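Architecture and fold: a report
These are the residues of each chain, in order.
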Amino acid sequence: MVRNKKPMRNLMGIFKDKASLIKAALSIKRAAATVHVAVLRATTHSPSLPPPPHRVSALLSLGRDSRPAAWACVAAILDRLHATGDAYVALKCLITLHHVVAEGSVVLKDQLSFYPSTGGRNFLNMSRFRDKRDPETWELSSWVRWYAAVLESNLTVSRVLGTFLSSDSRRTVANLRNREELRVLTSADLVRDLDCLVDMVEEICRAPESLEFQRNDLVYEVVNFVGEDYRSTQYRILGRLGELGERIDGLSSGEFSELTRSLERLEGCRGRLSEVFANKKRNDAFWEVVGGTKARAAKLEEERERGRWLVTVGRRREEEEGESTRYRERVGRPSQVLRLPYGGDWQGVDRVHFHIEPAMA
């Protein structure tokens, strides 16, 4: 029954796209119409393929030069995302937004990064998205919700780090520069960054259980894109672990505890990540560094606890010895010591005579 509906659904999608393109072309606002047409062509109802690269490039080029044009591009994509009830269109909108983050101009990415402040809401909140037309679109809806949450986490991490996560995964020169920039960060900043990066990894691990849907071209594109972000996240984590490793002896108790918790959370993600990326992003060297840092942190924590215990015991002994000394000084004075010599006289005590009355018969 579902198979019979699919051709009709695809045909209806084509008609919708054509009608939307004609409506946009007839708009008297030429600049807005150009952007709208570019978005429609990149996010069609076709279920077969992700947004064509040349369509994405055309859209990105429109927001390259000016802030108004960049804002119009971002606004058009987000309007399309929230107006549609089609899972295929929603995934294509999210993929297009991911291209903006990874490949867009600085002006375009800035508009996306600060868009929530102008909209007054979380523009990537797709938690209520449901496409109920058939079991396939219903399952794809879970991928829409997850992908939107991953993109939201991506932007959150980018704001905390001060640079875009996706674009850095493709720029070796930028990565080398960032390694030098880590040295000027405080230990508290490094621990905070690590916690935020682990949040990103945990969000990736919340991928839908229907991993067999990766055979779908759209979902396959989504997982590959998220895999690029995960690789960039790994690099960022490694950089901060390396820097923290050099400072680990000087971390405060709070920083030390936060580092340990982040490493434990990260290790808890390993199995799920292997499932999501089918072992392609396993990277044993990365986990060796994580495990080694965690083991070193545990050893130092044990030494710190032992040191604190020794200090506590030492202070307790000093207090006991001090109390004992004070006691001896207090009771050791001659006028306060009562001794019964062999002669039967008490020293330091005046002799007192007692008269005992005989008991009454």
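Just so you know, these numbers come straight off a predicted model, no measurement behind them.

1. Structural notes on the overall build of the protein chain
Looking only at helices and strands, the protein chain has 15 helices and 0 strands in total. Across the 361 residues in the protein chain, those meeting the buried criterion constitute 41%. In the protein chain, the share of contacts with a sequence separation of at least 24, taken over all contacts with a separation of at least 6, comes to 77%.

2. Describing the nonpolar core
In this structure, Leu-81, Leu-94, Leu-97, Trp-146, Tyr-147, Ile-204 and Leu-273 are the most contacted members of the largest nonpolar core, which totals 84 residues. If you tally residues by element for this core, the top one is helix α5 (residues 87-103), at 12 residues. Among residues more than four places away in sequence, those in contact with Leu-94 are Leu-81, Leu-124, Val-144, Tyr-147, Ala-148 and Leu-151.

3. Regarding the packing of helix α2 (residues 30-42) against helix α4 (residues 67-83)
How two helices pack is summed up by the angle between their axes together with the distance between the axes. Closest axis-to-axis distance for the α2/α4 pair is 9 Å, and the angle between their directions is 45 degrees. With respect to α4, the element α2 is oriented oblique. Seen along the crossing, α2 lies across α4 with a hand that is right-handed. Taken together, the residues of α4 that come into contact with α2 (itself represented by Val-35, Val-39 and Leu-40) are Ala-72, Cys-73, Ala-76, Ile-77 and Arg-80.

4. Some details on the packing of aromatic side chains
Taken as a whole and assessed by the stated rule, the structure comprises 3 aromatic pairs. The interplanar angle of 85 degrees and the centroid separation of 5.5 Å between the aromatic rings of Trp-143 and Trp-146 together place this pair among those described as edge-to-face. Taken as a pair, Trp-143 and Trp-146 lie in helix α8 (residues 135-161) at a separation of 3 residues, close to a single helical turn. Here the two residues Trp-143 and Trp-146 agree in accessibility, since each one is buried.

5. Some details on the packing of helix α3 (residues 53-62) against α5
Look at α3 against α5: their axes get within 11 Å of each other, and the N-to-C directions meet at 60 degrees. Between α3 and α5, the crossing angle belongs to the class labelled oblique. Classified by chirality, the crossing of α5 by α3 is right-handed. Listed contacts from α5 to Val-56, Leu-59 and Leu-60 of α3 are Thr-96, His-99, Val-100 and Glu-103. Residue composition of the contact of α3 with α5, by class: 4 nonpolar, 2 polar and 1 charged.

6. Notes on the side chain of Lys-92
Structurally, Lys-92 can be placed in helix α5. Within polar-contact distance, the side chain of Lys-92 engages the backbone oxygen of Ser-46 at 2.5 Å. Once you skip the residues sitting within four places of it in the chain, Lys-92 turns out to touch Ala-42, Thr-43, Thr-44, His-45, Ser-46, Leu-49, Pro-51 and Leu-218.

7. Here we look at helix α13 (residues 253-267)
Its 15 residues place the ends of α13 21 Å apart at the C-alpha level, agreeing with the 21 Å of an ideal helix rising 1.5 Å per residue. For α13, the set of buried residues is Glu-255, Phe-256, Leu-259, Ser-262, Leu-263 and Leu-266. Buried residues of α13, seen end-on, are gathered within an arc of 130 degrees and therefore sit on one face of the element.

8. Remarks on the state of the cysteines
Evaluated as defined, the whole model comprises 0 disulfides. Cys-205 takes part in no disulfide bond, and the closest cysteine sulfur to it belongs to Cys-269, at a distance of 3.8 Å. Taking the relative accessible area as the measure of exposure, Cys-205 reaches 14% and is therefore buried.

9. A closer look at the side chain of Ser-141
Among the structural elements, Ser-141 can be located in helix α8. At 2.8 Å, the side chain of Ser-141 and the backbone nitrogen of Asp-131 are in polar contact. Setting aside chain neighbours within four positions, we find Ser-141 in contact with Ala-87, Phe-129, Arg-130 and Asp-131.

10. Here's the deal with the pattern of salt bridges
If you walk through the whole model with that rule in mind, you get 16 salt bridges. The salt bridge involving Asp-199 is made with Arg-265; its shortest N-O contact spans 2.5 Å. With a gap of 66 residues between them, Asp-199 in helix α11 (residues 187-205) and Arg-265 in helix α13 connect regions that are remote in the sequence. Given the relative accessible area of 32%, Asp-199 is considered partly exposed. On the basis of relative accessibility, which here comes to 23%, the residue Arg-265 falls in the partly exposed class. A salt bridge links Glu-275 to Arg-272, with the shortest nitrogen-to-oxygen separation between them at 2.9 Å. One end of the pair, Glu-275, and the other, Arg-272, are both in helix α14 (residues 270-276), 3 residues apart, so they sit about a helical turn from each other. Under the relative-accessibility criterion, Arg-272 is labelled buried at 13%. Three or more residues joined by partner-sharing salt bridges are found here, namely Asp-189, Arg-192, Asp-193 and Arg-240.

Here is what the cut-offs are and how they apply
- Residues numbered from 1 in each chain as written.
- Predicted model: local features only at pLDDT ≥ 70, side-chain atom pairs only at ≥ 80, totals over all residues.
- Heavy atoms only, no water.
- Helix = DSSP H or I, 4+ residues; strand = E, 2+ residues; numbered from the N terminus.
- Buried < 20%, exposed > 50% of the residue type's maximum accessible area, 1.4 Å probe, protein only.
- Contact = heavy atoms within 4.5 Å.
- Core = buried A, V, L, I, M, F, W, Y, C linked by side-chain atoms within 4.5 Å.
- Axes fitted to C-alpha atoms, helices over the stretch in contact; angles between N-to-C directions.
- Parallel < 35°, antiparallel > 145°, perpendicular 65-115°, else oblique.
- Left-handed = near helix turned anticlockwise from the far one by under 90°.
- Phe/Tyr/Trp six-rings, centres within 6.5 Å; stacked < 30°, edge-to-face > 60°.
- Nonpolar A, V, L, I, M, F, W, Y, C, P; charged D, E, K, R; others polar.
- Polar contact = N/O pair within 3.5 Å; in protein donor to acceptor, adjacent residues only side chain to side chain.
- Expected span 1.5 Å × (residues − 1).
- Arc of directions from axis to C-beta.
- Disulfide = S-S within 2.5 Å.
- Salt bridge = Lys/Arg side-chain N within 4 Å of Asp/Glu carboxyl O.

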